[in-house]
Amino acid sequence: KPIYQEICKRVDMFVRRLEVAYILIPVGALQLFFLYLEFFASLPTGGFKPCREAGCVQRIPKIIHQTYKDDNIPPNWAGTPPAWKSVHPDWTYMFWTDEKNLQLIKDHYPEFLPTYLGYPYGIQRSDAARYFILHKYGGVYADLDIKPTRPVTEIIGDAELVLPQTPNFGLTNAFMASVNGSDFMAHIIDILPDHANKWYQIVRHWHIMTSAGPTFLWAQYERWTGDKSKDLIVPAAYWGKCSICKSRCRDIETSPLSHLTGNSWFSIDSFIFNYVIMCNPLPLAVGVLFFVDLYKTGRLPGTTKVVHSSRNHRSFGIKWLGFFTLAFVCYYIKQMP
């Protein structure tokens, strides 16, 4: 009991000394940074040209790769493989299960097997396997929540490596294409074991993202010093991907791909990381700090009452009206399609 009382006392002292501005200013700066990345730092869709040479000869093999843990594809994704086969009748379709992925590693990349089996989450093995598949066979990899409406050739053009931007920031491995034996895929394969367990991979979501997932891919491409002259970075809007922060999206007629509900591996920490920290850090901070300020100033029921003048009440209301207005504006901007 004395320890509990001491903890409560220290928390109370910390809260009463906490200045709202010290939190809202950096959080507001973070929110503005995310807005900048979304609206100004992404590649423009206008003028996007997948072909860099006259004639546009496709270099990437006509092979489509998709993967799931077994052959029992969930009903909401069951129509995806037939759609890829129908839209690409002259392409080879290869479906990879966890068992086939493991056999690929055993047969062709045995040196990676300890790392592969050591991943604590199945999605990490799925993320890693797609790099090995593209390195071995080449072709196009697409998650099961991605369906084609037109041939994917209009995205890959004559490139030897195709990586798409996310609608938030960075690159993603949800859709990729490369020639077999790609230098970049070889680099990814070599560096994967070094990132299996890092000190900063504290929570599940960040561990997955940075060990073999999209954040890992983005970081490695930015650091890679190899030849990028035949690479193609596809703007998020062009391949039809909508921001996770938006409740509705503008129909993207230029995209040959449609997107179903995905992110099947997400858990509670993924929700907090994506929808709270990345999408709405300022509204969250304003809401929490409003109650902190109510507690500090004795306005919260159950706290020590403090007598305030009418002028003090008015300034308190104006201050928080301004904060909540700013939070709402930021939220509204993030929701714009």
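Q: With reference to specific residues and values, describe the overall build of the chain.
A: Along its length, the chain carries 13 helices and eight strands. Each of the 337 residues in the chain was classed as buried or not, and the buried ones make up 46%. In the chain, the share of contacts with a sequence separation of at least 24, taken over all contacts with a separation of at least 6, comes to 78%. When the accessible surface of the chain is totalled, it reaches about 17,800 Å², and 61% of it is carbon and sulfur.

Q: Can you tell me about the packing of helix H9 (residues 204-211) against helix H10 (residues 214-223), naming the residues and giving the values?
A: Packing of H9 against H10 brings their axes to within 4 Å, and their N-to-C directions diverge by 40°. One element, H9, and the other, H10, form an angle in the oblique class. Between H9 and H10 the crossing geometry is right-handed. For the pair H9 and H10, contact is made by Trp 206, Met 209, Thr 210 and Ser 211 and by Pro 214, Thr 215 and Phe 216, respectively.

Q: So what's going on with the pattern of salt bridges? Which residues, and what values?
A: If the charged atoms of two oppositely charged side chains come close together, the side chains can form a pair. Within the structure shown, the criterion is met by six salt bridges. With its nearest N and O atoms 2.7 Å apart, the salt bridge here joins Arg 150 to Glu 154. Overall, the relative accessible area of 29% leaves Arg 150 in the partly exposed class. Under the relative-accessibility criterion, Glu 154 is labelled partly exposed at 25%. In this structure, Lys 230 engages Glu 160 in a salt bridge whose closest nitrogen and oxygen atoms are separated by 3.7 Å. Of this pair, Lys 230 sits in the loop between H10 and strand E7 (231-234) while Glu 160 sits in the loop between helix H7 (153-156) and strand E5 (161-164), and the two are 70 residues apart along the sequence. Residue classification places Glu 160 among the partly exposed residues on the basis of a relative accessible area of 26%. Salt bridges sharing common partners tie together Arg 59, Glu 160 and Lys 230.

Q: So what about the pairing of strand E2 (residues 92-96)? Which residues, and what values?
A: Bridging between strand E1 (residues 63-67) and E2 involves five bridges; their strand directions are parallel. Bridged to His 65 within E2 is Met 94.

About the criteria used
- Residues numbered from 1 in each chain as written.
- Predicted model: local features only at pLDDT ≥ 70, side-chain atom pairs only at ≥ 80, totals over all residues.
- Heavy atoms only, no water.
- Helix = DSSP H or I, 4+ residues; strand = E, 2+ residues; numbered from the N terminus.
- Buried < 20%, exposed > 50% of the residue type's maximum accessible area, 1.4 Å probe, protein only.
- Contact = heavy atoms within 4.5 Å.
- Areas by Shrake-Rupley, 256 points an atom, 1.4 Å probe, with all protein chains shown as cover.
- Axes fitted to C-alpha atoms, helices over the stretch in contact; angles between N-to-C directions.
- Parallel < 35°, antiparallel > 145°, perpendicular 65-115°, else oblique.
- Left-handed = near helix turned anticlockwise from the far one by under 90°.
- Salt bridge = Lys/Arg side-chain N within 4 Å of Asp/Glu carboxyl O.
- Pairing = 2+ DSSP bridges.

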